[in-house]
Structures are given as C-alpha cells and as structure tokens.
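Residue-level structural notes
Each chain is listed here by its residues.
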Amino acid sequence: MGALDYLSNFFSATSTRSRSRRKPMQTVEIKVKMDCDGCERRVKNSVKSMKVKTVEVNRKQSRVTVSGNVDPNKVLKNVKSTGKRAEFWPYIPYNLVSYPYVAQAYDKRAPAGHVKNVVQAVAAHNTTDEHITHLFSDDNPNACSIM
C-alpha cells in the first residue's frame, strides 16, 4: 500500500506532500494603551479577524492576550493597524527575577507584581572573599576554633 501511495503522488493533481503545516498553539501578550471601550473593541476585533481561539483584553494593565495558531508578528501588525502604539509585553512576574531592582528592570509604569524583562546583572564573586568566609564557617571542620 505504501508504494501505491508514493506512486499516486506523481500522477495525481493534488499532492499530499505540499500540505501547509499549521502553526503551533501559542499565547501572545501585547502591551497596548487603551482609553475607552471603543479602543478595546477595535483592538479585540482586529485580532479576532485572524481566527484565534481566545482574546483577553485587560484595559487596566494595557494588556491583550491572544491564544491560537498564530504568528506573533502578525498579531502585533494587526493590533498596530488600529492606530494604537503596540509592543510585545515587556514585563515578567516579580518573583521570577533574582535582582528586581537592577537599573533597567524596575519600572514605575509596570503593573503590580511585575518588572521589565531585562538581562539580570549578577555580582561577580570574589574568590578571596569566599575563601575567608569559608574559614569561619560552621560547616568547615577545620575552621577557626577561637570563635
């Protein structure tokens, strides 16, 4: 049966090899400034025209969440076509960041419990400092007995 299917692809008008693959299920979050119900409705309708599964609009956070088999760049382009300034959601939850008060991470305009998603600066470890603290550690059996 496999050989017949293979040969039938050469002689048929519609080939099963040229099927387009579906995009994977994705969730896209976009930051859009919305002032009124009309703005919210325009943004929601522009995204719904893409045949997505769900569209959630949170006007208080200026956030639009779209779930479906979509391309994130096309969703952003459709939202921008409404005349609103839009960008991908730049914030992540506060508890996922090791240093939330790094210079570029903290943003006053971020929603409660969120900070900007930036590369986290980690303090460089000084090996001599670690060695000195290890000398006085309770875990070290050869630590200083004077203390």
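Preceding this section is the structure that the text describes.
Bringing unusual backbone geometry into the picture now. Positive phi, normally seen in glycine, also occurs at K51, with a value near 60 degrees. Judged by relative accessible area, K51 falls into the exposed class, the value being 75%. Even without glycine at this site, S62 takes up a positive phi of about 55 degrees. With respect to the helices and strands, S62 occurs in the loop between β2 (54–58) and β3 (63–68).

Moving on, we come to the layout of surface pockets. What the largest pocket holds in volume is close to 270 Å³. Lining of the largest pocket is provided by 14 residues; of these, K31, K33, S62, R85 and E87 occupy positions nearest its centre. Taken together, the elements giving at least two residues each to the lining of the largest pocket come down to β1 (26–32) and β4 (86–88). Split by residue class, the lining of the largest pocket holds 6 nonpolar, 2 polar and 6 charged.

Here we take up the packing of aromatic side chains. The final tally for this structure, using the stated rule, is 1 aromatic pair. Ring plane angle 80 degrees and centroid distance 5.2 Å describe the contact between W89 and Y91, whose orientation is recorded as edge-to-face. Each of the two residues, W89 as well as Y91, counts as buried. Above the face of the W89 ring, R63 is positioned so that its terminal group lies 4.4 Å from the ring centre.

The rules behind each value
- Residues numbered from 1 in each chain as written.
- Predicted model: local features only at pLDDT ≥ 70, side-chain atom pairs only at ≥ 80, totals over all residues.
- Heavy atoms only, no water.
- Buried < 20%, exposed > 50% of the residue type's maximum accessible area, 1.4 Å probe, protein only.
- Helix = DSSP H or I, 4+ residues; strand = E, 2+ residues; numbered from the N terminus.
- 1 Å grid on protein atoms, 1.4 Å probe; cavity = no way out; pocket = protein on both sides within 12 Å on 5 of 7 lines; lining within 4 Å.
- Points joined across faces, edges and corners; volume = space filled by probe spheres on them.
- Nonpolar A, V, L, I, M, F, W, Y, C, P; charged D, E, K, R; others polar.
- Phe/Tyr/Trp six-rings, centres within 6.5 Å; stacked < 30°, edge-to-face > 60°.
- Lys NZ or Arg CZ within 6 Å of the ring centre and 35° of its normal.

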